[in-house]
Amino acid sequence: MPEQMQAFVMKAYGGPEVAALAQAPVPVPTATQLLVRVRAAGLNPVDFKTRRGDLKLVQRYRLPAVMGNELAGEVVACGDQVRRFRVGDAVFARVAKGAMGAFAQFAAVEEDHAAIAPTRVDMPTAAAVPLAGLTALQALRDELHVGEGQRIFIPGGAGGVGTFAIQLARHFGARVATTASSRGEALVRRLGADTVVDYTRERPAAVLSGFDGAFDLVGGEALEQAFGIVRPGSTVVSVAGMPEPRTASKDLHGGLAMQAMFWAASFSLRRRARAHGVHYRYLFMHPSGADLAELARLVDAGALEVIVDGVYPFERLPEAMARLEAGHAKGKIVVTMPDVA
Ligand SMILES: NC(=O)c1ccc[n+]([C@@H]2O[C@H](COP(=O)([O-])OP(=O)(O)OC[C@H]3O[C@@H](n4cnc5c(N)ncnc54)[C@H](OP(=O)(O)O)[C@@H]3O)[C@@H](O)[C@H]2O)c1
């Protein structure tokens, strides 16, 4: 095993200039970790939000740090307590929160966070699944309890999370309305959206009502409109709005101080939700090998298509990140890792 590897490293919090391709030590897996030879890694908004320091209140990193939160590759070493994987297995994972490290030739991954990669798709496509796929699955299944015959509103359906969410909501038996510009309309319709509102031309709240739940991927004004689009007694789950007290207690296992901070930060948003008789929940997804195995099963069964906006070679990661940060990706952006010399 080499001691050094190529990686994408952030040296400080700030703009794109604080992160660059660099050499970093190959990680040493703990007893419960796999060492993965990374073949491809997916990009997510959390990458540039972390770099900018937007998430410092919930997650601070010791710098310099190798960036990247999801990957696909082969297991090259296993910690002593690893039971479910062997060297040579093709796996995919959302790495531990607070760890990052996926934008590199090697990454250490908790056994519980990994699953055997889907066999129907190549490594770059598999690397596009974990973070966005888990987010959509956990929001729709565990928070909204989406079921047969329901009508679900998904603002922001054309991006990384939305392209999974539309298909999963349909898979659970729901009918879906989403928002997309003309750039994304054909895609979201192909994935199963029954109703598409062009958010650049029309207010969704002017044309949609009586939905059984909403999964918001946009935040701000789009989230507030969702309160009026779902029926009283239902839930709006957001991953792009403002964290609330349950985000602290359930998702982040934070203490009373964090709960109080999120209580205050979300006060006016929760008040607006209450005015519509609606429950507001902000979800932070969690890594889960078991949930990833379910997503792999759906991909292999042809029930879940992975939409990839673009695949970039590792040395063009800054360009790939700029494309993501511009906010118009259709599905996911992925980078492929260089061979080990
Ligand atoms: N809390 C969590 O655990 C968690 C997990 C995953 C993601 N997130 C958050 O969820 C959000 C979405 O993530 P993502 O990966 O799906 O992002 P993304 O892939 O960057 O989303 C880009 C897509 O959003 C569309 N879009 C932009 N503005 C819109 C608007 N006002 N209305 C409707 N669509 C709009 C764009 O379409 P156009 O080209 O038409 O503009 C583009 O196709 C991000 O804020 C991310 O940080 C949170």
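Located above this text is the structure these notes cover.
Conventions we followed
- Residues numbered from 1 in each chain as written.
- Predicted model: local features only at pLDDT ≥ 70, side-chain atom pairs only at ≥ 80, totals over all residues.
- Heavy atoms only, no water.
- Salt bridge = Lys/Arg side-chain N within 4 Å of Asp/Glu carboxyl O.
- Helix = DSSP H or I, 4+ residues; strand = E, 2+ residues; numbered from the N terminus.
- Expected span 1.5 Å × (residues − 1).
- Buried < 20%, exposed > 50% of the residue type's maximum accessible area, 1.4 Å probe, protein only.
- Contact = heavy atoms within 4.5 Å.
- Polar contact = N/O pair within 3.5 Å; in protein donor to acceptor, adjacent residues only side chain to side chain.
- Axes fitted to C-alpha atoms, helices over the stretch in contact; angles between N-to-C directions.
- Parallel < 35°, antiparallel > 145°, perpendicular 65-115°, else oblique.
- Left-handed = near helix turned anticlockwise from the far one by under 90°.
- Nonpolar A, V, L, I, M, F, W, Y, C, P; charged D, E, K, R; others polar.

Draft legend 1. Representation of the pattern of salt bridges in the model. Per the stated rule, a full pass over the model turns up 25 salt bridges. Close ionic contact of Lys 332 with Glu 70 constitutes a salt bridge, the shortest N to O distance being 2.6 Å. Of the two residues, Lys 332 sits in strand 16 (residues 332–336) while Glu 70 sits in strand 5 (residues 70–78), which places them 262 residues apart along the sequence. Glu 319 is the partner of Arg 316 in a salt bridge, and the nearest nitrogen-oxygen pair spans 2.8 Å. The network of salt bridges with common partners includes Glu 143, Glu 244, Lys 250, Asp 251 and Arg 281.

Draft legend 2. How the structure looks around helix 11 (residues 289–300). When the terminal C-alpha atoms of helix 11 are compared, their 16 Å separation across 12 residues agrees well with the 16 Å that a helix rising 1.5 Å per residue should span. Residues Gly 289, Asp 291, Leu 292, Leu 295, Ala 296, Leu 298 and Val 299 constitute the buried set of helix 11. Against strand 6 (90–94), strand 8 (114–116), helix 3 (130–143) and helix 4 (160–171) lie the buried residues of helix 11. Where helix 11 terminates, the next one or two residues include Gly 302, which has phi positive at roughly 80°.

Draft legend 3. Structural context of the side chain of Asn 44. The topology assignment puts Asn 44 in the loop between strand 3 (33–42) and helix 1 (45–52). Exposure remark for Asn 44: the relative accessible area of 4% places this residue in the buried category. Separated by 3.0 Å, the side chains of Asn 44 and Glu 70 make a polar contact. At 2.6 Å, the side chain of Asn 44 forms a polar contact with the side chain of Lys 332. Not counting residues within four places of it along the chain, the set of residues in contact with Asn 44 comprises Glu 70, Leu 131, Ala 132, Leu 324 and Lys 332.

Draft legend 4. How the structure looks around the packing of helix 7 (residues 220–229) against helix 10 (residues 267–275). It is the contact of helix 7 with helix 10, at a shortest axis distance of 8 Å, that shows an interaxial angle of 25°. Taken together, the axis directions place helix 7 and helix 10 in an arrangement best described as roughly parallel. Of the two possible hands of crossing, helix 7 and helix 10 adopt the one that is right-handed. Contacts from Leu 223, Glu 224 and Phe 227 in helix 7 reach Leu 269, Arg 272 and Ala 273 in helix 10. Among the residues forming the contact of helix 7 with helix 10, the class breakdown is four nonpolar, no polar and two charged.

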